[in-house]
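# Analysis of the macromolecular model
Take a look at the letters that make up each chain.
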There are 2 protein chains.
Amino acid sequence: MPRGATLRDVAGRVGVSPRTVSRVVNDEGGFSEATRVRVLEAVEDLGYQPNMLARGLITRRSGTVGLVGVDMTDPFFPAMADGIQNAARETGRTMFFASNDGDPQLQAEVFRSLWSHAVDGVIVFPAPGTIEQLAGYAKRGMPLVVVDDIVEFPNLASVSFDLEDGATKAAQHLLATGRRRIGMIGSEVAVPRTRRRERGFLQAFENPPAGVQPPELVRARPTIHGGAEGLQTLLERRPDLDGIFAFNDSMAVGAMRAAQAYGYRVPDDIAIAGCNDIEMSALVNPGLTTIRLDRPRLSAEAIRVLHELIEEPARNPTPVVLPVELVIREST
Amino acid sequence: MPRGATLRDVAGRVGVSPRTVSRVVNDEGGFSEATRVRVLEAVEDLGYQPNMLARGLITRRSGTVGLVGVDMTDPFFPAMADGIQNAARETGRTMFFASNDGDPQLQAEVFRSLWSHAVDGVIVFPAPGTIEQLAGYAKRGMPLVVVDDIVEFPNLASVSFDLEDGATKAAQHLLATGRRRIGMIGSEVAVPRTRRRERGFLQAFENPPAGVQPPELVRARPTIHGGAEGLQTLLERRPDLDGIFAFNDSMAVGAMRAAQAYGYRVPDDIAIAGCNDIEMSALVNPGLTTIRLDRPRLSAEAIRVLHELIEEPARNPTPVVLPVELVIREST
DNA sequence: AACGATGGCGTCAACGTTGACGTAAGTCAA
DNA sequence: TTGACTTACGTCAACGTTGACGCCATCGTT
């Protein structure tokens, strides 16, 4: 609830109309050099800051963008926020930040609020099954970029990593290093994008080298705990597995701990690969082989696409899919 | 740039004045049950959402709070953001989120922007040496809570952990478990609050048990790398050290890795304790003894104090200092 | 000398909402 | 029957800014 100087205050001090001060502040032209100098002096003196609420009310640009993630405490997420913040800063925008906890209801609430605040655009990691909800906002004219999923909807952009290919790469790596009895611990969260990793994984087995056995697949919660449980289930089915690909690094770490607890040596007895390359992955022992995502690139693309949408709405952008890279450490 | 239904649209549909619709929407009273029902129906039909810009312009409450951290990618920080977001949600506010990268200049920019957006209040982890800057905004009427530092300034609240006591506890624990040649790796970032941990550490040696040697102190960057460097410097000076307290857990992990690389066994040859209890600390091998901070409590207190300040400005709150707890794992 | 173009302003209304105030009809007590 | 109160609205202005438009010098052309 700041109560700072207004255009009128500045105008009164300089002896011009508020409209002229506005022109100077926004560098619209239509004023003499002499007035410019005097106005800017007064602006400085009074510490004038334009009121974005008033400005936004009339220009229909609030100078804000929203970032909506699933879970703030997911380390994946702040890195993204950082990139977006910096890009937003350059275009003079400030960032709203919220999470949906994977709950469509909560996400709806968040979007109502963002809409109320007249955000210029939103980047969102969608809660499961909310594409329709989001498409609704896009149709109402809110520039919207969906991250981490591939969607094709009018007025809705999407940016994601090619994790299908990543999973294929991981599986191929396991095969190339001589593993023959391979399992995957998938995520039990049932949205299309989680399934893509399974599809990529299975694809590596379509023309397998000699002696490769059909891959094994279980699903668990995408957490460290879930990874441990998933590994246990896998080993109960096939104690002779010699290679594991986990849905994400948290699960891979959980699986690694569990395998070691059962007396398996990693990577000698069993190789383990994850996905996402979170910070922890380089620090565990042995270091985790994983799929690295170029997150700065993701934020850069997301914000780029968002700005395109803000500047030129009502177009149908094609989904952006970013390549990923296999990082080989000691766990395979 | 949403362009949704307005009070006028709703009013036109129902056949009342916009003012009446406003009264219903804000539940001000002064309308009949019949109109209430009809208005709410129309609100539903048209998907009316109040425009916070217009509302904020006149009520001088924008329905937003700001959270300004040092570094978004610090895992400490999103947890805080999460707590604040939930609390803010309950009072119908949305959260701006920004980082200052420890740079006073950048922080100034962030605050200009937040001021422009008429935030109702801000919670900030201050960049070094910016208390005056912040006090300026507080004086101009912006409710402001400083986190992680103890400040006493008019109109400025502060909430922090008692890390001085935490450091004392860690040192006492090292002494109690028989360590006699103890070093500390401090942070080279020179702000008062980083020094507090050193003070607390040294305090444990004021009445030492028999045979305790004077403690050793070096400073390094507060990162994993810095921790490794700090340990190296310490061991060069005193290869016989048997206990280390690090400024934070990242440094402690770096120090642990370095010590192991030099052939020291942890904890047999040398005990290591950290501070902050980040997620990694429980996962490294051996598990890291550390000082646990009740972060949910910190966010709760910060937002509580902020709301007090928003509801009743112009008071001089007393600093809140929260107790901390020693968590003993295998590294000591 | 007359004319159009241009530069440098000012005026007015509007964005969507709420605060302050007004008013007509109804209620109730004396 | 009067008058004081209350209920249920409506009217108007204001918040701080910008879009649209208008006005008056000045200047260059013909």
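Here the structure is a predicted model, which means the values were calculated and not measured.

A word on the domain arrangement of chain A. Looking at the assigned domains, one finds that chain A contains domain 1 (7-50), domain 2 (63-161 + 295-322) and domain 3 (163-292). Its C-alpha centre places domain 1 of chain A at a distance of 36 Å from the equivalent point of domain 2 of chain A.

If you look at the interface, chain B gives 49 residues, while chain A gives 49 residues. Linking chain B to chain A there are 0 salt bridges. Here chain B is connected to chain A by 19 residue pairs in polar contact (both at pLDDT 80 or more). Where the side of chain B that touches chain A is concerned, the elements lending two or more residues are helix H4 (52-59), helix H5 (76-90), strand E2 (94-99), helix H6 (104-116) and helix H12 (279-283) of chain B. Here the element with the most residues in the side of chain B that touches chain A is H6(B); it accounts for 8 residues.

Let us look at the packing of helix H10 (residues 224-237) of chain B against helix H11 (residues 249-261) of chain B. Residue and element names in this part refer to chain B. Two numbers describe how H10 lies on H11: the axes approach to 6 Å, and their chain directions differ by 50 degrees. As summarised for this structure, H10 and H11 are arranged oblique, according to the angle between their axes. Helix-helix and strand crossings are classified by hand; for H10 and H11 the assignment is right-handed. Counting all contacts with H10, which are made through Ile224, Gly226, Gly227, Ala228 and Leu231, the residues of H11 involved are Ser250, Met251, Gly254, Ala255, Ala258 and Ala259.

In the neighbourhood of DNA strand D, 24 residues make up the surrounding shell, with Leu7(A), Ser22(A), Tyr48(A), Thr20(B) and Thr35(B) lying closest. Protein-proximal atoms of DNA strand D, defined as those within 4 Å of the protein, fall in sugar or phosphate at a share of 61%. Between DNA strand D and Ser17(B) there is a distance of 2.7 Å, counted from a phosphate oxygen to a side-chain nitrogen or oxygen. Examining the composition of the surface near DNA strand D, we find that 4 residues originate from one element, helix H4 (residues 52-59) of chain A, more than from any other. Per-class residue counts for the surface near DNA strand D are 9 nonpolar, 10 polar and 5 charged.

Our focus in this paragraph is the nonpolar core. Judged by nonpolar contacts, the single largest core of 94 residues is most densely connected at Ile123(A) and Ile123(B). The contact partners of Ile123(B), leaving out residues within four places of it in the chain, are Gly66(B), Leu67(B), Val68(B), Met80(B), Ile84(B), Val145(B), Val147(B), Ala302(B), Ile303(B) and Leu306(B). By size, the runner-up hydrophobic cluster in this structure holds 39 residues, among which are Phe96(A), Val122(A), Ala98(B) and Leu156(B).

What follows concerns the sheet that holds strand E7 (residues 216-220) of chain B. Residue and element names in this part refer to chain B. The strand order E7-E6-E8-E9 describes an open sheet built from 4 strands, whose pairing is parallel. Strands with a single pairing partner mark the edges of an open sheet, and in this sheet they are E7 and strand E9 (271-273). Between one strand axis and the next, the sheet turns through 20 degrees on average, direction left out of account. Across 3 bridges, strand E8 (residues 243-246) lies against E9 in parallel orientation. Paired with Phe245 across the two strands is Ala273, which belongs to E9. Each of strand E6 (182-187), E7, E8 and E9 touches H11; the most contacted strand, E9, lies at about 160 degrees to it.

Neighbouring DNA strand C are 24 residues; Thr20(A), Thr35(A), Leu7(B), Ser22(B) and Tyr48(B) lie closest to it. What you see for DNA strand C is that sugar and phosphate hold 58% of its atoms within 4 Å of the protein. Here a phosphate oxygen of DNA strand C and a backbone polar atom of Asn51(B) are 3.2 Å apart. Breaking the surface near DNA strand C down by element, the ones donating at least two residues are helix H2 (18-25) and H4 of chain A together with helix H2 (18-25) and H4 of chain B. For the surface near DNA strand C, the leading source of residues is H4(B), giving 4 residues. Looking at the surface near DNA strand C residue by residue, the class counts come to 9 nonpolar, 10 polar and 5 charged.

All names here are of chain A. Strand order in the open sheet formed by 4 strands is E7-E6-E8-E9, and the pairing between neighbours is parallel. Strands at the two margins of the open sheet, each flanked by one partner only, are strand E7 (216-220) and strand E9 (271-273). When the angles between neighbouring strand axes are averaged without regard to direction, this sheet yields 20 degrees. Where strand E6 (residues 182-187) lies against strand E8 (residues 243-246), 4 bridges are found, and the strand directions are parallel. Residue pairing in the sheet places Ile182 in a bridge with Gly243 of E8. Lying on the sheet, helix H11 (residues 249-261) is in contact with E6, E7, E8 and E9; it crosses E9 at an angle near 160 degrees.

Rules of the game
- Residues numbered from 1 in each chain as written.
- Chains lettered and ligands numbered in written order.
- Predicted model: local features only at pLDDT ≥ 70, side-chain atom pairs only at ≥ 80, totals over all residues.
- Heavy atoms only, no water.
- Domains from an automatic or database assignment.
- Contact = heavy atoms within 4.5 Å.
- Salt bridge = Lys/Arg side-chain N within 4 Å of Asp/Glu carboxyl O.
- Polar contact = N/O pair within 3.5 Å; in protein donor to acceptor, adjacent residues only side chain to side chain.
- Helix = DSSP H or I, 4+ residues; strand = E, 2+ residues; numbered from the N terminus.
- Axes fitted to C-alpha atoms, helices over the stretch in contact; angles between N-to-C directions.
- Parallel < 35°, antiparallel > 145°, perpendicular 65-115°, else oblique.
- Left-handed = near helix turned anticlockwise from the far one by under 90°.
- Near = heavy atom within 4 Å.
- Nonpolar A, V, L, I, M, F, W, Y, C, P; charged D, E, K, R; others polar.
- Core = buried A, V, L, I, M, F, W, Y, C linked by side-chain atoms within 4.5 Å.
- Buried < 20%, exposed > 50% of the residue type's maximum accessible area, 1.4 Å probe, protein only.
- Pairing = 2+ DSSP bridges.

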